[in-house]
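Coordinate inspection notes
Here is what each chain is made of, one letter per residue.
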Amino acid sequence: MNHKILSVFDLEGKDLEKFLEKYGDIFEPKYVDLEYYKLYYLGKFDHDRLIFEYMAQTYEIDKVLYPGSFIHITPSFDFENVTYVDIYPNIEDFFSDEDVLKYIELHKNYQSPTTICYKEISYVNLEGQYDLIISSNAGSVSIDCKKNLKNGGYLLVNNGHSDADNAFADDAYEYLGYFKFNINKDHVQFILDNTSYKSSDFCLFRKL
Ligand SMILES: C[S@@+](CC[C@H](N)C(=O)[O-])C[C@H]1O[C@@H](n2cnc3c(N)ncnc32)[C@H](O)[C@@H]1O
């Protein structure tokens, strides 16, 4: 992975003007494409990949669900079968773009074919069950998608929208621990913990 991709949050002057002219707004873009993904995610958030990599290497995970994913395709670099769900308009165009699929092919960590499902619907109305659900800054996924997590399946959740708090309060979830980055955010450690640890970092739960 290229760690030197410039973040949209570092753009200035003409470069920022060009970005705004093309996408309209950083947080509410009028449309999205692979360039937007690179500027928005890889410039700023690409350390999430280390967590997905750890999860894929440590646990038996087949099917992954990412409710409120927006265009955060990073899980597909480490998981073969990911279902992305978001109500953002035209998300299906992004996920079927040849450039996006090629980009995943170039960066993935496994040999088998990649399966990507994308649904432009509310995650409240989902069917099916998954081995891992990712809840990242997208509302009360741990509550609304609990039925979509297999018993024994994993919930990877941050507290951007207080969803880790929701999981801590729910007896259906067993808290396993949290992920801790080093100062440069180029290494992540999983801290086994059986007490409540609340932060904006990702926490890991298992559904009982
Ligand atoms: C702040 S973004 C987070 C994107 C990504 N998960 C991340 O962490 O970078 C929140 C996303 O959740 C989506 N969202 C919120 N409520 C939703 C719902 N009920 N069903 C599907 N998507 C939803 C929004 O459309 C938005 O794209």
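What you see is a predicted model; the values in this text were computed from it and never measured.

Let's shift gears to the overall build of the protein chain. Counting its secondary structure elements, the protein chain contains seven helices and eight strands. Taking 17 Å as the expected radius of gyration for a compact globule of 208 residues, we find that the protein chain reaches 17 Å, a close match to that expectation. Structurally, the protein chain occupies a C-alpha span of about 50 × 40 × 35 Å along its principal axes. Residues counted as buried form 32% of the 208 residues belonging to the protein chain. The long-range share in the protein chain, meaning contacts at least 24 apart out of those at least 6 apart in sequence, stands at 58%.

Once that is clear, we can look at the nonpolar core. Judged by nonpolar contacts, the single largest core of 45 residues is most densely connected at V64, L132, I133, L155, L156 and V157. In terms of residue count, strand β5 (residues 149-157) provides more of this core than any other element does, five residues in total. Counting the residues that make up this core, at least three belong to each of domain 1 (1-45) and domain 2 (47-207). L155 has contacts with I133, S135, S142, L149, A167, Y173, F205 and K207, leaving out every residue within four places of it along the chain.

Take the domain arrangement of the protein chain next. In terms of domains, the protein chain is made up of domain 1 (1-45) and domain 2 (47-207). Here the C-alpha centre of domain 2 lies 22 Å away from the C-alpha centre of domain 1. Counting residues at the interface gives eight residues for domain 1, matched by 14 residues for domain 2.

Buried residues of helix α2 (residues 34-42): Y37, L39, Y40 and Y41, and no others. Contacts made by the buried residues of α2 are with α1 (13-23).

Take the site of the ligand next. Around the ligand, a shell composed of 16 residues is seen, among which G68, F70, S136, N137 and A138 lie nearest. Partitioned by chemical class, the residues of the shell around the ligand number eight nonpolar, seven polar and one charged.

Here we take up the sheet that holds strand β7 (residues 188-192). Read across the open sheet, the eight strands follow the order β3-β2-β1-β4-β5-β8-β6-β7; overall the sheet is mixed. Two strands bound the open sheet, and with one partner strand each, they are β3 (115-119) and β7. Looking at each pair of strands side by side, their axes are set apart by 20° on average, direction ignored. When β5 meets strand β8 (residues 203-207), the two strands line up antiparallel, connected through four bridges. Directly across from L155, in β8, lies its bridge partner F205. Strands in contact with helix α3 (residues 48-58) are β4 (130-135), β5, β6 (173-181) and β7; relative to β7, the strand with the most contacts, it is inclined by about 55°.

What follows concerns the pairing of strand β1 (residues 63-67). Every other side chain in a regular strand lies on the same face of the sheet, so the side chains alternate between the two faces. Across the five residues that make up β1, a large majority, five, are buried. Of the two faces of β1, the one carrying K63, L65 and P67 and the one carrying V64 and Y66 are both buried. With five bridges connecting them, β1 and strand β2 (residues 81-85) associate as parallel partners. Residue pairing in the sheet places K63 in a bridge with N81 of β2.

Phi at F70 is positive, roughly 55°, even though this residue is not glycine. Although it is not a glycine, N137 adopts a positive phi angle of roughly 55°. Along the chain, N137 turns up in the loop between β4 and α6 (141-144). C-beta crowding within 10 Å serves as the criterion here: with 14 such atoms nearby, N137 is assigned to the partly exposed category.

About the cut-offs
- Residues numbered from 1 in each chain as written.
- Predicted model: local features only at pLDDT ≥ 70, side-chain atom pairs only at ≥ 80, totals over all residues.
- Helix = DSSP H or I, 4+ residues; strand = E, 2+ residues; numbered from the N terminus.
- Rg over C-alpha atoms; globule rule 2.2 N^0.38 Å.
- Buried ≥ 20, exposed ≤ 12 C-beta atoms within 10 Å, placed from the backbone.
- Contact = placed C-beta atoms within 7 Å.
- Core = buried A, V, L, I, M, F, W, Y, C linked by C-beta atoms within 7 Å.
- Domains from an automatic or database assignment.
- Near = placed C-beta within 6 Å.
- Nonpolar A, V, L, I, M, F, W, Y, C, P; charged D, E, K, R; others polar.
- Pairing = 2+ DSSP bridges.
- Axes fitted to C-alpha atoms, helices over the stretch in contact; angles between N-to-C directions.

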